[in-house]
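Chain and residue survey
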Amino acid sequence: MKYVVVLCDGMADYPVDQWGGQTPMTRANKPNMDSLAQQGAVGLVKTVPDGLAPGSDVANLSVMGYDPLKYYTGRSPLEAVSMGVELSPSDWALRCNLVTLSDADRYEDAVMRDYCAGDISSQEAAELIESIQKEMGGGIFDFHAGISYRHCLVWHEGIDPGKLTPPHDISGQVVGPYLNHSPESAPLLSMMKRSYEILKDHPVNQKRVAEGKRPANSIWLWGQGKKPQLPPFEDEFGLVGGVVSAVDLIKGIGYCAKMWVADVKGATGYIDTNFEGKAKAALDLLDDGCDLVYVHIEAPDECGHRGEADNKVRAIEMIDSRLLAPLLKGLEDYTNYRVMILPDHPTPLCTRTHASDPVPFLLYEKQAPVSSSVVQFSEQEAAETNLMVEHGSDLMRMFVSPDPLPQV
Ligand SMILES: O=C(O)[C@H](O)COP(=O)(O)O
């Protein structure tokens, strides 16, 4: 038996008034997902435990079968592992976004124009992070360049700085009320403010502005944590697992769980990603010996954060036609296989950030189709089956169990 998880980050949403109550999932033309839902077990799963903030870190740990209440130690340390950044037990890792702030006399009065600095390229970002490291790193702080706007700060012998707000939570808002002025966070706030002076006239940004692109004129620090300890996936589930993703967060979880991690050329974390390449990488992992592969697609989440309604629908349609279709075709080489499809959390267009609502899932087995009343794979139809998985980390056990899939 082979197992494939297709994790459509942020895909769930709320009914959109301008669309007559449709959600991106019901508006999208996704015949492959709908066909699997018609023959599979469909329900809702609570991926974000009460008391934890909704994010892909917590939610994907759940879906991978790791209870976040037991294993979650912060977002950035997971990303740091994927970036090859060594963390000692006394190090704190923080996510370091490159963001676009509006011009303002005082840093506190600036507006968060863009949490992703116009989707800055990794190459441009590396030059900016190099300048930041040169001016502010090398002592107890070290900056490490990652992918696009996503980077890492290591605070050696650091402390917990307290509440730090993700920049994608405050798009379009004045940043002042969201800055942490505590003594513990003081060195971080000081570096954020100083970064504006380092970056605002940087040649990379001067060129971006001249090209009509948004400048990456500040770092924004959040997602702090310490080195995680995950039991190997194979020890937990008796299966060799693999991960396909464009983003360090998911690859980092894979590395921490001792899973195989693929690198896909052209995987971008946005709607211009290499959908077909991710499908091929997943099939290659299965052919090379993985029993289970976890394929993560970031695009619907990014479209949600950016309020790009039509692009979010397109992202779902491209997952269905350019990733799921070739994946299912390749899986036909196996006598039997199971597929699980779900988002990790909603990223509603109306809020442009994450929500903790339970999300729809489908479980399908080639040789054991389930008679289902479901017509479309959607938030509403998943709620109507009354199949509810209260503890998200239980879903993986249901998926890989030798027992038949639940009848709904
Ligand atoms: O900063 C990022 O990578 C994303 O905007 C955060 O969203 P995610 O938690 O859904 O990946």
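Residues numbered from 1 in each chain as written. Predicted model: local features only at pLDDT ≥ 70, side-chain atom pairs only at ≥ 80, totals over all residues. Heavy atoms only, no water.

Counting secondary structure elements, the protein contains 15 helices and 13 strands. Its C-alpha atoms give the protein a radius of gyration of 21 Å, near enough to 22 Å, the size a compact globule of 408 residues would have. Principal-axis analysis of the C-alpha atoms gives the protein an extent of 65 × 50 × 35 Å. Pairs at least 24 residues apart make up 75% of the contacts formed inside the protein by residues separated by at least 6 positions. Accessible surface, the protein: about 15600 Å² in total, of which carbon and sulfur atoms supply 49%. The average position of the 35 basic charges and that of the 57 acidic charges among the side chains of the protein differ by 3 Å. (Helix = DSSP H or I, 4+ residues; strand = E, 2+ residues; numbered from the N terminus. Rg over C-alpha atoms; globule rule 2.2 N^0.38 Å. Contact = heavy atoms within 4.5 Å. Areas by Shrake-Rupley, 256 points an atom, 1.4 Å probe, with all protein chains shown as cover. Lys, Arg positive; Asp, Glu negative; His and termini not counted. Charge placed at Lys NZ, Arg CZ, Asp CG, Glu CD.)

Sheet architecture is open: eight strands sit in the order 9-8-10-1-11-12-2-13, paired in mixed fashion. In this open sheet, the two strands that pair with only one neighbour each are strand 9 (260-262) and strand 13 (388-389). Relative to strand 10 (residues 292-297), strand 8 (residues 241-244) is paired through four bridges, and the arrangement is parallel. Among the inter-strand pairings, G242 is bridged to a residue of strand 10, identified as V293. Sitting on the sheet, helix 2 (residues 31-38) is in contact with strand 1 (2-8), strand 2 (41-45), strand 11 (337-342) and strand 12 (359-365), with an inclination near 70 degrees to strand 12. Packing of helix 10 (residues 248-256) onto the sheet brings it into contact with strand 8, strand 9 and strand 10, and relative to strand 9 it is tilted by some 155 degrees. (Pairing = 2+ DSSP bridges. Axes fitted to C-alpha atoms, helices over the stretch in contact; angles between N-to-C directions.)

With that out of the way, let us pick up the site of the ligand. Surrounding the ligand, one finds 15 residues, the nearest of these being S56, R75, R95, R150 and D301. One nitrogen or oxygen atom from the side chain of D9 is found 3.3 Å from an oxygen atom belonging to the ligand. R150 places a polar side-chain atom, nitrogen or oxygen, 2.8 Å from an oxygen atom of the ligand. In isolation the ligand exposes 310 Å². Once the protein is present, 98% of that is buried. When residues in the shell around the ligand are grouped by element, the largest group, three residues, is from helix 12 (residues 299-305). Taken together, the residues of the shell around the ligand break down into three nonpolar, five polar and seven charged. (Near = heavy atom within 4 Å. Polar contact = N/O pair within 3.5 Å; in protein donor to acceptor, adjacent residues only side chain to side chain. Nonpolar A, V, L, I, M, F, W, Y, C, P; charged D, E, K, R; others polar.)

The next thing to look at is the pairing of strand 5 (residues 141-147). Pairing between strand 5 and strand 6 (residues 150-155): five bridges, direction antiparallel. Paired with D142 across the two strands is V154, which belongs to strand 6. The hairpin turn running from strand 5 into strand 6, its antiparallel successor, is two residues long, and S148 in that turn takes a positive phi close to 55 degrees.

Taken domain by domain, the protein consists of domain 1 (2-72 + 229-400) and domain 2 (81-225). Averaged C-alpha coordinates put domain 1 and domain 2 at centres separated by 29 Å. Residue-level contacts link 16 residues of domain 1 with 13 residues of domain 2. For the interface between domain 1 and domain 2, the tally reads three salt bridges. Taking the shortest distance from any N to any O, the salt bridge between R150 and E298 comes out at 3.8 Å. At the junction of domain 1 and domain 2, the tally comes to seven residue pairs in polar contact (both at pLDDT 80 or more). When contributions to the side of domain 1 that touches domain 2 are tallied by element, the ones reaching two or more residues are helix 10 and helix 12. The dominant element in the side of domain 1 that touches domain 2, judged by the number of residues it contributes, is helix 10, at five residues. Residues belonging to the side of domain 1 that touches domain 2 are distributed by class as follows: five nonpolar, five polar and six charged. (Domains from an automatic or database assignment. Salt bridge = Lys/Arg side-chain N within 4 Å of Asp/Glu carboxyl O.)

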